[in-house]
Amino acid sequence: SAASDVYKRQVVAAALISCMAVAEERHLFILSGQSNMQGLNEKTSVLPELNKLLPGADIQHVKYARGGQPIRKWVKTWDQIARRHKLGQQFRDPSEFYDIVLKQARSKIAEGKFNSVTFLWMQGERDAKTGLAAAYEESMRTLITSLRTDLGIPTMNFVIGRLCDHLNHDQWNAVRDAQVKVANDDPRGAWADTDDTNDKERDGRKWNDLHYTKEGYDLFGRRLARQAVRLIKGEKPDTGGRPE
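Cut-off values and rules
Residues numbered from 1 in each chain as written. Predicted model: local features only at pLDDT ≥ 70, side-chain atom pairs only at ≥ 80, totals over all residues. Heavy atoms only, no water. Helix = DSSP H or I, 4+ residues; strand = E, 2+ residues; numbered from the N terminus. Buried < 20%, exposed > 50% of the residue type's maximum accessible area, 1.4 Å probe, protein only. Contact = heavy atoms within 4.5 Å. Areas by Shrake-Rupley, 256 points an atom, 1.4 Å probe, with all protein chains shown as cover. Lys, Arg positive; Asp, Glu negative; His and termini not counted. Charge placed at Lys NZ, Arg CZ, Asp CG, Glu CD. Phe/Tyr/Trp six-rings, centres within 6.5 Å; stacked < 30°, edge-to-face > 60°. Lys NZ or Arg CZ within 6 Å of the ring centre and 35° of its normal. Expected span 1.5 Å × (residues − 1). Arc of directions from axis to C-beta. Pairing = 2+ DSSP bridges.

A.B. asks: Describe in detail the overall build of the protein, supporting the description with residues and values.
C.D. replies: For the protein, the helix and strand inventory stands at 9 helices and 7 strands. Seen through its principal axes, the protein has C-alpha atoms that stretch 80 × 45 × 25 Å. Counting all 244 residues of the protein, 48% fall into the buried class. Partitioning the intrachain contacts of the protein with sequence separation of at least 6 by distance along the chain shows that 74% fall at a separation of at least 24. Put simply, the protein shows about 11,900 Å² of open surface, and 51% of that area lies on carbon and sulfur atoms. Placing the 38 positive and 33 negative side-chain charges of the protein at their respective mean positions leaves the two points 3 Å apart.

A.B. asks: Outline the packing of aromatic side chains, supporting the account with residue identities and numerical values.
C.D. replies: Summed over the entire model, instances satisfying the criterion amount to 7 aromatic pairs. Measuring from centroid to centroid gives 6.0 Å for Tyr-212 and Phe-220, while their planes differ by 80°, and the two rings are edge-to-face. Assessed through its relative accessible area of 4%, Tyr-212 is described here as buried. An aromatic cluster of at least three residues, connected via ring pairs, comprises Tyr-64, Trp-74, Phe-97, Phe-119 and Trp-121. In this arrangement the basic side chain of Arg-26 is found over the ring face of Phe-114, its NZ or CZ atom lying 4.1 Å from the centre. Sitting over the ring of Phe-97, Lys-73 keeps its end group 5.4 Å from the ring centre.

A.B. asks: Describe helix α5 (residues 96-109), naming the residues involved and giving the relevant values.
C.D. replies: For α5, built from 14 residues, the straight-helix expectation of 20 Å at 1.5 Å per residue is met to within 8% by its first-to-last C-alpha distance of 20 Å. Listing the buried residues of α5 in full gives Phe-97, Tyr-98, Val-101, Leu-102, Ala-105 and Lys-108. Within α5, the buried residues cover an arc of 130° as seen down the axis, which keeps them to one side.

A.B. asks: Help me get a handle on helix α8 (residues 170-185), residues and values and all.
C.D. replies: Because the α-helix completes a turn every 3.6 residues, residues three or four places apart line up on one side. For α8, spanning 16 residues, the distance from its first C-alpha to its last is 22 Å, which sits close to the expected 22 Å at 1.5 Å a residue. Considered for burial, the residues of α8 that qualify are Trp-172, Val-175, Arg-176, Ala-178, Gln-179, Val-180, Val-182 and Ala-183. Those residues of α8 hidden inside the fold are in contact with α6 (125-129), α7 (136-151), β4 (157-161) and β5 (189-192).

A.B. asks: Before we move on, can you summarise the pairing of strand β3 (residues 116-122) with the specific residues and values?
C.D. replies: Here β3 lies mainly inside the structure; 7 of its 7 residues are buried. Covered by surrounding structure in β3 are Ser-116, Thr-118, Leu-120 and Met-122 together with Val-117, Phe-119 and Trp-121, the residues of both alternating faces. As defined by bridge partners, strand β1 (residues 26-33) adjoins β3 across 7 bridges and the pair is classed as parallel. Residue pairing for β3: Ile-30 is matched across the bridge by Phe-119.

A.B. asks: Explain unusual backbone geometry residue by residue, including any values.
C.D. replies: With glycine set apart, most residues show a phi of negative sign, and most peptide bonds adopt trans. Of note, the phi angle at Arg-92 is positive, near 55°, even though the residue is not glycine. A relative accessible area of 77% means that Arg-92 is categorised as exposed. Although it is not a glycine, Ser-95 sits at a positive phi angle of roughly 55°. Here Ser-95 shows up in the loop between α4 (78-84) and α5.

A.B. asks: A description of the side chain of Asn-157 should follow, citing residues and the corresponding values.
C.D. replies: Of note, Asn-157 is situated in strand β4. Here Asn-157 falls in the buried class, since its relative accessible area comes to 3%. Other than its neighbours up to four places away in sequence, Asn-157 contacts Val-117, Thr-118, Phe-119, Arg-188, Leu-231 and Ile-232.

Printed below as a string of structure tokens:
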């Protein structure tokens, strides 16, 4: 009947409008850190998982990672932070990595409005290995606050990859604890576990390597994406860093 045809057209039109609304959602992800972020192939892990969890959305990302680098390369006030925590080392580093990340993110944001911006971070090995753990928590908070302020996005989410179980000493564990604390203290923060991503064989024996296996990197990337999407949707992130 004519009425039935009209109804069908209305249903189809509503479905098309719904699809268009979903497609208009835009989300930006800022990836940065040192070697384990550098080794992460986001095209086989983070991005496919995001596309699966946010179907139809426009997913954009920028990435800047450099192996073996301390957090002070991203934090302009690191020397002051170090003095507050009674660290004798001051480096007067220019912190140029922060400027690079900021420029990348601003360039994307200038292209159009995003529904969300999320910072994905994997770094800390260098600080833990060089006795600088005392300044890590404040440095991490400073980095997040600086990005939110300089991007003009106080609602920016973040997910921190926690150091893996490669080492077990006070400095290493202090950085791990700081990463979890910063994430847990912020309603827009989460963390991702990596303890099961780095198991390798050496001379027939299990070895917790500093870097991950290919499968480990992909698993880590999916966890970053899953925690990020929970934050975007206003859901509670997995408290153990291993969202399903």
